[in-house]
Amino acid sequence: MSCQADDERQICHSFLRGNLVGMMTTTATGVPGSGIDPQGAPAIALAGLRKSFGQVDAVKGLDLTVQPGEVVAFLGPNGAGKTTTIDMMLGLSKPDAGTARVFGMQPRDAVARGLVAAVMQTGGLLRDLTVRETVDLTASLFVQTRSVQECLQRAGIDDIADRKVHKCSGGQQQRLRFAMALVSDPALIVLDEPTTGMDVTGRRDFWSAIRQDAERGRTVLFATHYLEEADLYADRIVLMRHGQIVADGTGSQIKAMASGRTVRATLSGLSDRELAAIPGVESVEVRGESVLLHAKDSDSVARHLLTQTNARDIEITARGLEDAFVALTSDEH
Amino acid sequence: MTNLSAVQPIPADEPINLDRRVPARGGFSGRLLRIELARVLRNKRTMIFTVVLPVIFYAAFGATQSGTFPDSSIDVKGYEMITFAVYGAVAAAAAIGASVSVERAQGWSRQLRLTPLTGSAYIAVKVVCAMVAAALPVLIVFAIGAATGAKLSAVEWPVAMLLAWVCGSSLASLGLFIGYLVPSENAMQILGPGISLLAFAGGLFLPLQVMNSTMQTLASFTPLWGLSQIARYPVLGGSFDGMWLVSALAWVGFFFAGAVWCFRRDTKRV
């Protein structure tokens, strides 16, 4: 993996400059002057990442490198390990094995420098503060910040700045989390299901703000289980299933990978096993006399059916986007 | 609804800066402290339990009395004034400490881990807030005491105030311990009655002199025994018992160590 190579180069580089000790001190205490140069390092470099909770292996050996300026969707069904991976990326939890680096640093050091910010799904707000106070408090913790007013405006909540957090709707609280994430002007923003609770306008406004910042070179990684959201707003989609990356590419590449067709035919005399053995068939459904064969190369399946079996009434249909997603992330093959 | 599209974007020629610094003192700053103090002062519930209640107690049990305790030269008003000032300070410091449980329950502690603020800077902010909150009942109860004729000497006034404040503030450690130990927002509910109980058991509300010897021995092992004796030393006079200090330091040390242990467990798990 290239990220491992980058990682090693980073360490060697620091070592040659006699800064290894300095770097390790930084790891422990977060003091400046570590000698790590975030310039040129990948925004995210995950290598061999593993995490389990008891018997459950949430993340099983995950490698991922994201270059600065990329907008990446982290796509997968619930329980795929997206949030666990994000937690390790942000330094909120420790991997059982493997390494997570953000701009060449330990996540905690990148957080302490305001290089990374995150919008989490729930919680993380003090009920007794006002909207403005929450952003103001967050700003007070960083060295380099944008103005509080600007962040409130960009998140679309400057008109409710004096409202107490507990009086805000779910969508308004989500905008507030976004404003808090903007305040340090992070080089990487990580969003876990960011548009939960937002209405259609809210979603559109949110993504237009995200895209504007991406123009300035901000790296964006967002977790979602909406394929459409991933396809619309990301340059790159990383598909996760059962704690592993199962696909990584542009939206159209992902769709092409998953967008097989369904061949429907009426036939008799073949068992499920024999149907599944037809070259190119990925899965089989039998509905009485009819069979549904899912395949990427539907032509060769159809040819086989017409020439080698008694199949008739053949219909070939394309899968929708949602089917594609299900095909890539489901257990059935 | 608000409209984001009307907002001017930050110009694209202002690229994201990668050269950042870590804040000094782990993120502890005057601006942060100011916001945190404002939260404390406008919390009506805390203010009622830590300022209004001690004032009412003093008005009921101290201001209505006069003269000295039988067979002594101890001024009753002065004695009760210190008692309820210490009680208010303890309640305030412990309540502020325990507020970490509310912040944990609301996910704020986790949110703070996405900022440069270090765990020790966060606790330092809580301790400073607890000290400010503890100063309020001390100042107010002493002012009312002075106005209602409590008698202390010119030296005793400032010394008694300082001791009440320091002894009370030190129980921020108890609040932090409970705040990190108890999951969810129940810490406050445990702490309110708990402090009153400790005040009775340790001889703050109930003078040790009225207890039998077994009770007195038991009292000496409770957290408020040493602290309340030290706080009342200016008015009680006599010899200073070194065990007061041992008790105070041992308990505060225990609570603080417990808080640190729970805090570490907390940040590892989350």
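Just so we're clear, the structure is a prediction, and the values are computed from it rather than from any experiment.

Cut-offs applied
- Residues numbered from 1 in each chain as written.
- Chains lettered and ligands numbered in written order.
- Predicted model: local features only at pLDDT ≥ 70, side-chain atom pairs only at ≥ 80, totals over all residues.
- Heavy atoms only, no water.
- Helix = DSSP H or I, 4+ residues; strand = E, 2+ residues; numbered from the N terminus.
- Contact = heavy atoms within 4.5 Å.
- Areas by Shrake-Rupley, 256 points an atom, 1.4 Å probe, with all protein chains shown as cover.
- Phe/Tyr/Trp six-rings, centres within 6.5 Å; stacked < 30°, edge-to-face > 60°.
- Buried < 20%, exposed > 50% of the residue type's maximum accessible area, 1.4 Å probe, protein only.
- Salt bridge = Lys/Arg side-chain N within 4 Å of Asp/Glu carboxyl O.

1. Regarding the overall build of chain A
Helix and strand content of chain A: 13 helices and 13 strands. Contacts in chain A between residues at least 24 apart in sequence constitute 68% of all its contacts with a sequence separation of at least 6. For chain A, the accessible surface area stands at approximately 14,200 Å², while carbon and sulfur atoms represent 49% of it.

2. Concerning the packing of aromatic side chains
Residues and elements named next belong to chain B. Following the criterion strictly, the structure yields 23 aromatic pairs over all chains and no others. Their ring planes at 45° and their centres at 6.1 Å tell us that Phe57 and Phe61 sit as a pair that is tilted. Taken together, the positions of Phe57 and Phe61, both in helix α2 (residues 44-61) and four residues apart, correspond to about one turn of that helix. Exposure remark for Phe57: the relative accessible area of 22% places this residue in the partly exposed category. Given a relative accessible area of 45%, Phe61 falls into the partly exposed group. Summarising the aromatic geometry, the rings of Phe57 and Phe205 are spaced 6.2 Å apart at their centres and angled 85° between planes, so their arrangement reads as edge-to-face. Pair noted here: Phe57 is in helix α2 and Phe205 is in the loop between α8 (187-201) and α9 (213-219), with a separation of 148 residues, a long-range link.

3. Things to note about the pattern of salt bridges
Residues and elements named next belong to chain A. Considering all chains together, one arrives at 25 salt bridges over all chains under this definition. The closest approach of N and O atoms between Arg146 and Asp185, which form a salt bridge, is 3.5 Å. Of this pair, Arg146 sits in the loop between α5 (131-140) and α6 (148-154) while Asp185 sits in the loop between α7 (170-182) and β6 (188-192), placing them 39 residues apart in sequence. With respect to burial, Arg146 and Asp185 carry one shared label: buried. Residues Arg216 and Asp185 are paired through a salt bridge, measuring 3.1 Å at the closest nitrogen-oxygen approach. Here Arg216, found in the loop between α8 (200-215) and β7 (219-224), pairs with Asp185, found in the loop between α7 and β6; they are 31 residues apart in sequence, far enough to count as distant. For Arg216, a relative accessible area of 4% corresponds to the buried category.

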